[in-house]
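Remarks on the overall topology
For reference, the chains in residue letters:
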Amino acid sequence: MNIITTPDPRLRTKCKKVNHVDDEVKDMIKNMIQNCLDWEKEHEFEISAALAAPQLGYDRRIIVVRDDMDDKEHGTFIPLLNPEVIKTEGKTLYDYEGCLSVPNIYGKVPRPAKARIKAQTIDGQEVRIKADGFLARTLLHEIDHLNGILFIDHIKGQKDAFYRLDNKGDLVPVDYDKEIANNKDLYPDED
Ligand code: NI
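Residues numbered from 1 in each chain as written. Predicted model: local features only at pLDDT ≥ 70, side-chain atom pairs only at ≥ 80, totals over all residues. Heavy atoms only, no water.

What the protein contains, in helices and strands, is 3 helices and 7 strands. When the elements of the protein are put in sequence order from the N terminus, they spell out α-β-β-β-β-β-α-β-β-α. Against the compact-globule benchmark of 16 Å for 191 residues, the protein has a radius of gyration of 16 Å, which places it among compact chains. Referenced to the eigenvectors of the C-alpha coordinate spread, the extents of the protein come out at roughly 50 × 40 × 35 Å. Each of the 191 residues in the protein was classed as buried or not, and the buried ones make up 42%. Considering only intrachain contacts with a sequence separation of at least 6, the fraction spanning at least 24 residues in the protein is 62%. As displayed, the protein offers around 10,400 Å² of accessible surface, 46% of which is attributable to carbon and sulfur atoms. The average position of the 28 basic charges and that of the 36 acidic charges among the side chains of the protein differ by 6 Å. (Helix = DSSP H or I, 4+ residues; strand = E, 2+ residues; numbered from the N terminus. Rg over C-alpha atoms; globule rule 2.2 N^0.38 Å. Buried < 20%, exposed > 50% of the residue type's maximum accessible area, 1.4 Å probe, protein only. Contact = heavy atoms within 4.5 Å. Areas by Shrake-Rupley, 256 points an atom, 1.4 Å probe, with all protein chains shown as cover. Lys, Arg positive; Asp, Glu negative; His and termini not counted. Charge placed at Lys NZ, Arg CZ, Asp CG, Glu CD.)

Our focus in this paragraph is the coordination of the nickel ion. Around the nickel ion, the protein contributes the donor atoms Cys-99 (SG), His-141 (NE2) and His-145 (NE2), at 2.1 to 2.3 Å from the metal centre. Read N to C, the donor residues that coordinate the nickel ion are spaced as C-x41-H-x3-H. Taken together, the residues span a long stretch of sequence, with Cys-99 in strand E3 (residues 77-99) and His-141 in helix H2 (residues 133-146) at a distance of 42 residues. Taking relative accessible area as the criterion, Cys-99 reaches 10% and is therefore assigned buried. (Donors = N, O, S within 2.8 Å, 3.2 Å for Na, K, Ca; no water.)

What follows deals with the state of the cysteines. Considering all chains together, one arrives at 0 disulfides under this definition. Cysteine Cys-15 is unpaired, with the sulfur of Cys-99 as its nearest cysteine sulfur at 13 Å. (Disulfide = S-S within 2.5 Å.)

Written as structure tokens, this is what we have:
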């Protein structure tokens, strides 16, 4: 099982709700966490903060979010089922985002500063999360995935919003007209 990347159409579908946690759902969660850990072993400068089910081709509303974003040694993830955005607040902030399904491209993406999220745990408990900062951004990015939306959609046409990592691990701007505008993997419908 491997992480699927653009332009795979499975990244563009609206995923189905999880009604009960059976062995199939538990296996999906296990594979999602394992894929995050495997991926970052091969990416020296990056950490897998979270993953959404469609990134493994699963058509279900499941995300896993790392509980400590700053410590790569600490690989514990929290699964959330059927996460929903209740409310967003605060001003729009621009910060860097990457995605395991959009290889080698980063973007400076606008997101609201704060988000209130509702979800279920694997034990069937309802949880409400008041998130800000990087956690709010991460949760909004992952919930977007469940609706077939990628971070590149939020910055489409913005020439100064795209970056890549250089070989020292620094983000450097990408030439939009050369590498993004006509990239059919990113924007297949453009002519
Ligand atoms: Ni992503």
